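# Results of the structural survey
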Amino acid sequence: MKAIRRFTVRPVLPDPLRPLSDLARNLRWSWHAETRDLFQSVDAEAWSAAGGDPVRLLGSVRPARLAELAGDRRFLRRLTAAADDLDDYLTGARWYQTQSDGLPAAVAYFSPEFGITAALPQYSGGLGILAGDHLKAASDLGVPLIGVGLLYRHGYFRQTLSRDGWQQEHYPVLDPNELPLTQLEEPDGTPAQVSLALPGGRALRARIWLAQVGRVPLLLLDSDVEENDLGERGVTDRLYGGGSEHRLLQEMLLGIGGVRAVRTYCRLTGHPVPEVFHTNEGHAGFLGLERIAELASQGLDFDSALEAVRGGTVFTTHTPVPAGIDRFDRELVGRHFGPDAELPGIDVQRILALGMETYPGGEPNLFNMAVMGLRLAQRANGVSLLHGQVSRGMFAGLWPGFDAEEVPITSVTNGVHAPTWVAPEVMRLGARQIGVQRAEDALSVGGSERWDSVADIADQEIWELRRTLREQLVAEVRERLRVSWRQRGAGNAELGWIDGVLDPDVLTIGFARRVPSYKRLTLMLRDRDRLMELLLHPDHPVQIVVAGKAHPADDGGKRLVQELVRFADDPRVRHRIVFLPDYGMAMAQKLYPGCDIWLNNPLRPLEACGTSGMKAALNGCLNLSVLDGWWDEWFQPDFGWAIPTADGAGTDVDRRDDIEAAALYDLLEQRIAPRFYERGRAGLPDRWITMVRQTLSLLGPKVLAGRMVREYVDRLYTPAARAHRALTPDTARDLARWKARVRGAWPGVSVDHVETTATTATAELGTTVGLRVRVDLGELSPDDVEVQAVSGRVDAEDRITDATIVPLKPAGAPDLEGRLLYEGPLSLDRTGPYGYTVRILPTHPLLASAAELGVLAVPSEEVVEGAGVLLR
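None of these values were measured; they are calculated from a predicted model. (Residues numbered from 1 in each chain as written. Predicted model: local features only at pLDDT ≥ 70, side-chain atom pairs only at ≥ 80, totals over all residues. Heavy atoms only, no water.)

### Digging into the sheet that holds strand 25 (residues 809-810)
The 4 strands lie next to each other as 21-22-26-25, forming an open sheet whose pairing is antiparallel. One side of each edge strand has no neighbouring strand; the edge strands of this open sheet are strand 21 (750-756) and strand 25. Where strand 21 and strand 22 (residues 768-776) come together, 6 bridges link them in antiparallel fashion. Considered in strand 22, the bridge of Ser-750 is made with Asp-776. (Pairing = 2+ DSSP bridges. Helix = DSSP H or I, 4+ residues; strand = E, 2+ residues; numbered from the N terminus.)

Set out below in structure tokens:
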């Protein structure tokens, strides 16, 4: 029979055990091994049944067991130590508190998904896991961050397989009362809420749930409240679900409602008000509009409020392709703003202009969330060096006239939260080597260039550790495979073969990620006979563990999953290759450590960063990857292999896949598998162990989320906080007026004459040439602009590469026509074809980049003809 109503019955803990509740409600347990061990000792069987979730555990432990623990002095000593350790972690000074003045009082970090722990399933893939790792690393470093997201009642889907290998989706209902969450309440005990106005006089209301991620509060907005109509209650039903309007409402709630939730939280708790707002991808971009509306309500005009908001906003883009960006019909967006809906005090046309693709190749009727994010943020970044380069090219249309390399989008390469992803066995080995505290600091705070202490670990220890981790993975795979086959309809009598799946002494390759086509799940199947030979090689066999989810609406991705599953079902190879459904954090934490090779073969350059290989590397797993994302940046032959790419413009997709798959097989056959099985004098694979050691010592410190968050603090958060403080209402007005004046006068700015002291088209290295430029600034003054010489090597089309930029100085008074002379030296510091040009840019102390206004003046063709532009 089915219940007509459901309650959550919470346990009443005996007084001596009350600290268990605090420990369970702070998600630090998800990355703190000692706290997890404490919960496991409460009831090992119930801990396993609860999936390692302390809240579920405490709801299932028998009262008699709780009474027994309340009188167990040894357990109570461990409980007191864990509670004291958490208190010290939450209140003590950490890295952030030891830095110089000028840091933000607080930072609000918005993301559509957060992967903190499997016990809080609010993530779909890399974006969410990265956001979760960002929060955890900020907590470890003491950065005063507030996370903001949505609470999805169905989370992301759970994945099973049909008998023929087709992906099935399931959406279990999540009860917030059974999750490690606390409802935010007003002083009178009523639930704290935010509300958005909808067209037709309706409202979208949402409660605020709090997940405590160490020191960092994570606010999650939930629209499934009784005050909403049925349609509004479903706004936060599924992550990345629903149609266009559904997604728009989710993103309005995340951005606009999220700012209101932050204000509510700070009012109720006294938390410092954020000076910096960081939007993790474009989904939260509407947060800038809400902050403009706040300032407008205080009497600031739109343009001045825009400048004030931009100064304190950081935007991170995660996609290398336009198709990965949310775009909405402009009429749909327009209907949800203005007098009859949300933000009635702001002109709808001003809102729409922020997201319009007003550049060559853009769609004028679409509202682009990333474009709005870039226009509302003074600082922006990609998530690896290569992705920064790709992003500058992709969004160059927003800064017309500037070369792609000057587009003001920098990069901060992603990192991963080592305490979450490093296996306990690896942590213990590090602690034995350098001590527990030093090991924890090395993994969470980072800061060193190398982990030299890895060199002192004996080869035998490294190899035994790797085999132990592989053995654990084999056991995990067999258990999960048995569950999967039962879900597919198989009976126990059919599944005896699973006991022989995988071998703890065979080279193990892992491949697990989302399944969009560009990640090429099935590239390994390109030549099935050759793959079978690799799997079944008599001397150098390999085994492969694959996992991944296709988006529910992506039938192409589902077909790739089915193709892989059908190959893995073949009785000839099913002991050597497996597909595990329902890839998530719990599986990943077993998978990364147990693999010897982490495979990644996307179409370059479509992987923005790709952090799964980083997590594998921290456990001593070697990477085998296309040079894309982070691997393009940090690859060295000392600790992995690069799959050659066939990404020439003339290579069609099928041909490219054939070439790159062949390169993958070659590497496995000729270099990787032989090295794994090669044995030295002591019977150990010496060269393989050397690569594992190099991976840990050289890659380990680079891939840390602690390193990433410190970069955000130094390079983006702190400059944004300074800009926020500088842009008072008066200075914001002044800056807005200055920009309007410069834009209005810019058509009258020109370079009228350029000459050098060079008399021939050749010159010797080290020569300094005098440069004289006459400019017309129209209605602007020399204080409004900078005149620059740009020089460097030139290519066959006279484009300057690797440019050197030198400001020129005004020389003398204006001539009779009001033109000004600028002069400066031009140092010829490189041999070969060399060229220069000059340009005029706006300049102001409050600009973060010379390209910020998107205007510049360069010599006309007539001026160029007489300028001797090239020196050869």
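### A look at helix 22 (residues 585-594)
For helix 22, a buried count of 7 out of 10 residues is recorded, marking the element as mostly surrounded by other parts of the structure. Among the residues of helix 22, those classed as buried are Met-585, Met-587, Ala-588, Leu-591, Tyr-592, Pro-593 and Gly-594. (Buried < 20%, exposed > 50% of the residue type's maximum accessible area, 1.4 Å probe, protein only.)

### Considerations on the packing of helix 25 (residues 653-677) against helix 26 (residues 686-699)
Running from N to C, helix 25 and helix 26 point in directions that differ by 105°, and their axes come no closer than 6 Å. Between helix 25 and helix 26, the angle is such that the two are roughly perpendicular. Counting all contacts with helix 25, which are made through Ile-672, Arg-675 and Phe-676, the residues of helix 26 involved are Arg-687, Trp-688 and Met-691. Considering only residue class, the contact of helix 25 with helix 26 consists of 4 nonpolar, no polar and 2 charged. (Axes fitted to C-alpha atoms, helices over the stretch in contact; angles between N-to-C directions. Parallel < 35°, antiparallel > 145°, perpendicular 65-115°, else oblique. Contact = heavy atoms within 4.5 Å. Nonpolar A, V, L, I, M, F, W, Y, C, P; charged D, E, K, R; others polar.)

### Remarks on the pattern of salt bridges
This structure, assessed with the given rule, holds 65 salt bridges. Here Arg-158 makes a salt bridge to Asp-582, at a shortest N to O gap of 2.6 Å. You can see Arg-158 sitting in strand 3 (residues 158-161) and its partner Asp-582 sitting in the loop between strand 17 (577-580) and helix 22, a full 424 residues away along the chain. Of the residues examined, Arg-158 reaches a relative accessible area of 45% and is grouped as partly exposed. The residue Arg-772 makes a salt bridge to Glu-755 at a minimum N-O spacing of 3.3 Å. Of the two residues, Arg-772 sits in strand 22 while Glu-755 sits in strand 21, which places them 17 residues apart along the sequence. (Salt bridge = Lys/Arg side-chain N within 4 Å of Asp/Glu carboxyl O.)

Remember that the coordinates give geometry; whether it matters functionally is a separate question.
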